[in-house]
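Close look at the chain arrangement
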Amino acid sequence: MSTDADAQLNSESESPAPARRTGRTAERRIDRRSILRPGDGSMVIFDGVTKRYGEDVVGLDNISLSIDAGEFVFLVGPSGSGKSTFIRLLIKEMDASEGTVIVGGRDLGKMGRSKVPYLRRGIGCVFQDFKLLPGRTIYENVAYALEVTGDAPKSIRRKVPEILALTGLSDKSDRLPNELSGGEQQRVSIARAFVNHPRLLIADEPTGNLDPDTSIGIMQLLYRINRTGTTVVMATHDRDLVDKMQMRVIALEGGKLVRDERSASYATVEP
Amino acid sequence: MSTDADAQLNSESESPAPARRTGRTAERRIDRRSILRPGDGSMVIFDGVTKRYGEDVVGLDNISLSIDAGEFVFLVGPSGSGKSTFIRLLIKEMDASEGTVIVGGRDLGKMGRSKVPYLRRGIGCVFQDFKLLPGRTIYENVAYALEVTGDAPKSIRRKVPEILALTGLSDKSDRLPNELSGGEQQRVSIARAFVNHPRLLIADEPTGNLDPDTSIGIMQLLYRINRTGTTVVMATHDRDLVDKMQMRVIALEGGKLVRDERSASYATVEP
Amino acid sequence: MRLGFFFREAIRSIKANVAISVAAIVTVMIAVFILGTFIPSYLYVQSTVNQQKSRLDIQVYVADAAPQSQVAALQAQIVALQSQGLIKSFSFISKTDALNQFKARLNDPSILTLLPNNPLPASFDVRPADPAKDGQIATALRTSHAIDTTMPGNGISYAETTTNRLLTIAQFIQYAGLVLIAILLVAAILLIGNTIRLSIFARRREVEVMRLVGATNWFIRWPFIIEGIICGVVGAAISVVILWIAKILVVDPYVSTSTGGLTRDSATTIGFGTLAVILIVAGGAVGAVGSGFTLRRFLKV
Amino acid sequence: MRLGFFFREAIRSIKANVAISVAAIVTVMIAVFILGTFIPSYLYVQSTVNQQKSRLDIQVYVADAAPQSQVAALQAQIVALQSQGLIKSFSFISKTDALNQFKARLNDPSILTLLPNNPLPASFDVRPADPAKDGQIATALRTSHAIDTTMPGNGISYAETTTNRLLTIAQFIQYAGLVLIAILLVAAILLIGNTIRLSIFARRREVEVMRLVGATNWFIRWPFIIEGIICGVVGAAISVVILWIAKILVVDPYVSTSTGGLTRDSATTIGFGTLAVILIVAGGAVGAVGSGFTLRRFLKV
Ligand SMILES: Nc1ncnc2c1ncn2[C@@H]1O[C@H](COP(=O)(O)OP(=O)(O)OP(=O)(O)O)[C@@H](O)[C@H]1O
Ligand SMILES: Nc1ncnc2c1ncn2[C@@H]1O[C@H](COP(=O)(O)OP(=O)(O)OP(=O)(O)O)[C@@H](O)[C@H]1O
Ligand SMILES: [Mg+2]
Ligand SMILES: [Mg+2]
């Protein structure tokens with residue numbers, strides 16, 4: 001499958017983007033905007049992380065794990081097992097109740113509020129509920145992620161159509177989010193997360209509203225991005241995808257880490 | 001699979017609900033609230049239906065089909081193929097640009113605006129984006145669908161916990177929607193669509209945010225509901241589910257009807 | 001039972017959208033407070049001006065030479081005008097009275113004893129019902145032969161200038177005050193409607209979902225209307241409390257201790273109770289109408 | 001370049017949220033309109049009252065028996081007070097002038113020729129700089145031996161009652177006016193802040209998304225502030241236009257044709273240009289501060 005993906009991705013990437021990028025390496029472009037500098041090669045470190053909602057509800061329960069820079073990780077588990085909670089901790093949408101979350105060498109618990117935007121610019125995130133800006137067109141939604149970094153208008157005008165083409169949204173760039181189908185909105189969210197070429201890419205159920213074919217296309221995209229050195233964390237329910245990719249699988253259940261295997265399937269025992 | 005489902009459903013339904021319902025038949029209870037009275041046995045009739053968004057975008061393109069009362073129908077197709085558009089026409093969220101949509105013997109194009117609420121009470125709808133009321137607890141969200149019909153408080157207090165138990169949300173009934181995981185919100189939407197015991201149940205991607213096990217549970221629930229005489233129309237991307245159920249499949253592509261088969265799989269040729 | 005449900009819904013909505021409810025309440029509060037300050041102030045000033053107006057008397061000078069019958073005829077004419085409602089009251093000031101009044105204004109009144117006769121005429125002091133009709137009264141009385149036309153105003157003096165000036169002020173205050181109150185009233189209604197519109201706009205998605213679940217328009221509308229009434233009444237009530245505190249702490253002490261001209265005339269204004277009731281009812285009404293009306297936009301389709 | 005981006009964002013947001021922008025503009029408009037009506041009205045009334053105040057003269061009666069030197073000393077005293085700034089101007093009214101003034105008030109002045117001598121004293125007619133300091137001036141002058149203590153007020157008459165009454169009215173108008181304007185100002189700021197709060201509340205999800213995508217607080221805030229300024233300035237400008245139309249159509253014709261007391265004193269008020277500039281700047285400022293301040297709540301975490 002991975003070879004398949006590669007082949008198709010190479011044929012897809014006839015877009016002239018790589019040619020234009022000569023002169024600046026991808027590395028340098030990322031560093032200019034991101035504060036993520038994993039010192040020891042670990043992009044994400046969870047150390048005894050517990051997240052409680054209110055008094056009773058435990059979202060995550062004493063999770064310890066580490067994700068290396070450049071890894072591709074599936075986060076699986078039943079509904080309500082804590083996958084989104086895991087992801088929200090990574091982008092400091094909220095703080096852990098206990099334990100340490102380290103992303104790109106930065107301890108998020110100690111990070112000041114004013115630094116958070118710079119953390120997030122270094123992370124691309126596909127949200128489970130898309131989180132598109134309702135009043136803006138698709139183009140503007142994607143461009144916004146570049147605007148916040150102070151990217152030059154010329155550069156924005158180049159990158160946005162590129163990523164929209166890659167996600168199959170070229171002909172919808174002037175539509176508003178509520179004028180798109182569910183799957184199209186999801187792809188906009190993916191495009192926005194990708195456009196910045198982040199060092200860490202997080203995707204919460206990025207194929208939940210997509211048909212199998214489009215899902216595979218998105219997976220191929222994620223895989224290619226991962227091959228350029230980007231760490232990818234993807235929460236998913238899609239058994240087929242996970243089984244086909246045979247990547248590292250982190251399984252949660254009731255907030256607890258129940259499995260963490262390299263080259264694994266969705267479930268331990270195939271049904 | 002269908003036998004499996006039945007077995008599990010029967011074990012699940014140890015809830016005392018059926019016993020309490022003696023005296024009024026399910027039929028009569030539905031009639032009291034619904035204006036759906038399919039005369040000739042067809043619950044849904046599409047006759048040359050086209051839906052255009054603005055000038056250029058075609059959501060549905062000249063669709064003609066009929067769904068009998070009591071049928072179970074999968075609506076499949078790639079992202080943006082018109083599944084949600086189909087569903088939005090059924091509940092008169094918008095009107096067809098051309099052609100006739102008849103639901104439960106009623107021509108929706110000729111239906112006055114004041115009748116629409118009564119139409120919708122006869123239809124349970126699971127929305128792709130859930131459409132929960134943000135300021136209300138899960139319990140209140142589900143109860144609201146009964147309140148609008150003028151159901152008695154006593155009856156509401158009986159039915160809501162019942163359906164919440166069935167969707168595995170009993171311990172979350174006092175939470176607000178934004179305090180739930182994606183899959184849990186989806187199940188609330190399902191519970192709200194079911195609680196009214198509608199004659200027509202429409203589900204737009206009801207398992208998109210659910211893990212395979214929960215998905216199967218929801219499918220079993222849908223199946224049981226269908227067995228009591230309710231027509232079920234379900235848009236989905238879940239290849240596994242469709243393949244396992246072997247029900248009628250209506251496939252859309254680019255707004256066009258490309259396949260309409262009984263006892264079919266997600267795709268014509270299994271990959 | 002239904003009403004109970006709608007009422008609970010309204011309360012729930014107020015609690016769930018504190019920011020919005022507070023905004024609506026604050027708007028009503030401010031609008032009502034301003035009205036509650038201006039309406040009594042206006043009525044007070046109005047009443048003061050009216051009192052001043054009522055002090056503008058007409059002097060009708062009686063010629064020394066006029067025979068008793070003519071004087072009696074003049075008095076009969078005045079009484080007739082009084083019964084027509086043009087004149088409020090009148091009094092007769094004899095020559096002696098006039099001289100005494102004059103004497104009181106002199107440093108050394110004894111010198112007046114040197115005068116061969118009393119140079120001052122007798123007069124009727126006429127208080128008109130409405131100073132604006134002075135001219136009419138004057139014209140009516142001018143037919144009398146008893147009048148001493150050598151005196152100022154050809155014998156009927158009614159301080160035309162002072163009257164005009166005061167009437168102008170009164171009219172100005174009356175019209176300007178009414179215009180201002182009208183402006184404030186319109187402004188208040190616009191502002192409250194505005195706030196409610198915004199608050200419903202913030203919840204338009206919620207309304208949309210309600211409609212998709214099968215709620216009828218009135219089922220959606222009633223809770224909003226009740227919410228509007230509650231916010232309106234609460235806002236108005238808070239205002240009334242503040243106004244009452246202001247009355248107790250500021251206005252009442254000022255009125256009771258002041259020796260100034262504005263207060264000792266005991267000009268009247270609207271009673272606080274009446275005002276409070278009017279303001280609270282108005283607050284509730286505006287809230288209800290604002291909600292119900294605004295919702296129409298979101299209940300289309 | 002950044003400013004250009006923020007400005008475009010603000011315009012975009014105004015267009016995308018027409019309902020909200022209109023609400024904000026209407027609120028500013030109403031608030032500014034009320035202020036724009038009240039401030040000049042207040043200043044006008046204030047100036048009228050001040051004019052009336054400046055007409056309250058003090059009469060200092062000079063005894064007939066006083067030698068010329070004492071009268072000169074009294075005049076020197078008055079001049080001294082004038083140079084201290086207490087007295088604005090003064091004039092001397094001789095016994096003859098006084099008698100002439102008295103004659104003018106009588107029906108048959110010829111009878112005064114029968115008086116053996118002129119009963120009226122000479123006097124200084126003193127116009128104080130500030131009528132509230134009448135008492136001080138009177139006390140200072142009372143040391144003079146030239147004063148005719150048999151006259152009213154022991155020879156220095158300054159219409160204590162009238163002065164007090166007028167001063168009370170003036171003070172009342174001054175304080176009440178200031179209080180009302182302060183109330184309106186506070187109300188305007190609260191209302192505008194309220195509206196902006198609601199408008200940002202309606203877009204809180206949008207702000208949340210912006211933050212999740214890596215926007216800094218100021219990156220989010222600037223477009224809102226610019227939007228606030230635009231709405232504030234537009235609202236204020238609309239008000240100014242309405243006020244100007246009202247001035248042209250209503251106030252100006254009234255002023256030029258009226259012969260009433262209020263206008264012919266040529267009391268002054270604030271110039272329309274100044275007022276317009278103040279109102280528009282204030283509108284923009286309140287809009288900016290309102291947006292910036294309210295956003296703080298949504299930019300936490
Ligand atoms: N804001 C919140 N307040 C209270 N409880 C919450 C909140 N957010 C999540 N939870 C609870 O925490 C648990 C984990 O939620 P999370 O969203 O991480 O699940 P998930 O693995 O993403 O599920 P899904 O696959 O359904 O999206 C759930 O039981 C959920 O009810
Ligand atoms: N309000 C709208 N305005 C304009 N175009 C729209 C609107 N809603 C849907 N569309 C377009 O109509 C087409 C069909 O949309 P629809 O939502 O029916 O697709 P879908 O089959 O539900 O897709 P998905 O599986 O991604 O949810 C899409 O191309 C979409 O972009
Ligand atoms: Mg989740
Ligand atoms: Mg859809």
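Parameters and conventions
Residues numbered from 1 in each chain as written. Chains lettered and ligands numbered in written order. Predicted model: local features only at pLDDT ≥ 70, side-chain atom pairs only at ≥ 80, totals over all residues. Heavy atoms only, no water. 1 Å grid on protein atoms, 1.4 Å probe; cavity = no way out; pocket = protein on both sides within 12 Å on 5 of 7 lines; lining within 4 Å. Points joined across faces, edges and corners; volume = space filled by probe spheres on them. Helix = DSSP H or I, 4+ residues; strand = E, 2+ residues; numbered from the N terminus. Donors = N, O, S within 2.8 Å, 3.2 Å for Na, K, Ca; no water. Buried < 20%, exposed > 50% of the residue type's maximum accessible area, 1.4 Å probe, protein only. pLDDT = per-residue confidence, 0-100. Contact = heavy atoms within 4.5 Å. Buried area = accessible area lost by both parts, 1.4 Å probe. Salt bridge = Lys/Arg side-chain N within 4 Å of Asp/Glu carboxyl O. Polar contact = N/O pair within 3.5 Å; in protein donor to acceptor, adjacent residues only side chain to side chain. Nonpolar A, V, L, I, M, F, W, Y, C, P; charged D, E, K, R; others polar. Near = heavy atom within 4 Å. Areas by Shrake-Rupley, 256 points an atom, 1.4 Å probe, with all protein chains shown as cover.

Under the counting rule described, the total for this entry stands at 12 cavities of 30 Å³ or more. In this structure, the largest cavity occupies an estimated 130 Å³ of space. In this structure, the largest cavity is lined by 13 residues; those nearest its centre are R120, I123, G124 and C125 of chain B together with V213 of chain C. Breaking the lining of the largest cavity down by element, the ones donating at least two residues are α5 (116-121), β6 (123-126) and α8 (182-194) of chain B.

All names here are of chain B. Donor atoms from the polypeptide that coordinate the magnesium ion (ligand 4) comprise S84 (OG) and Q128 (OE1), at 1.9 to 2.2 Å from the metal. On the criterion of sequence distance, the pair formed by S84 in helix α4 (residues 83-90) and Q128 in the loop between β6 and α6 (138-147) is long-range, its members being 44 residues apart. Given a relative accessible area of 17%, S84 falls into the buried group. Taking relative accessible area as the criterion, Q128 reaches 16% and is therefore assigned buried.

Interpretation of this model should avoid reading the predicted coordinates in detail wherever pLDDT is low. Taken residue by residue, chain A gives an average pLDDT of 85. The fraction at 70 or more is 86%. Every residue in residues 1-33 of chain A scores below 50 in pLDDT, and together they form 38 contacts with partners more than four places removed in sequence or on other chains.

Okay, the interface of chain D and chain A next. Taken together, the contacts link 21 residues of chain D with 23 residues of chain A. Taking both sides of the interface into account, the surface hidden between chain D and chain A amounts to around 2000 Å²; carbon and sulfur atoms contribute 61%. When the buried surface of chain D facing chain A is broken down by residue, R12, L212 and V213 of chain D rank first, second and third, together holding 29% of it. Summed over the shared surface of chain D and chain A, the result is 3 salt bridges. In this structure, E206 of chain D and R136 of chain A form a salt bridge, with 4.0 Å as the shortest nitrogen-oxygen distance. Where chain D touches chain A, the interface holds 4 residue pairs in polar contact (both at pLDDT 80 or more). Among the secondary structure elements, those contributing two or more residues to the side of chain D that touches chain A are α1 (2-16), α7 (204-212) and α8 (217-257) of chain D. Per-element tally for the side of chain D that touches chain A: the top contributor is α7 of chain D, with 7 residues. Split into classes, the residues belonging to the side of chain D that touches chain A amount to 11 nonpolar, 2 polar and 8 charged.

Taken together, 19 residues form the shell around ligand 1, and within it S84 and T85 of chain A together with R175, G183 and E184 of chain B come nearest. Chain contributions to the surroundings of ligand 1 come from chains A and B. Taking H237 of chain A, its side chain carries an N or O atom lying 3.0 Å from an oxygen atom of ligand 1. At 2.6 Å from an oxygen atom of ligand 1 is found a side-chain nitrogen or oxygen belonging to E184 of chain B. Burial of ligand 1 by the protein amounts to 93% of the accessible area it has alone, namely 630 Å². When contributions to the shell around ligand 1 are tallied by element, the ones reaching two or more residues are α4 (83-90) of chain A together with α8 of chain B. Residue composition of the shell around ligand 1, by class: 2 nonpolar, 12 polar and 5 charged.

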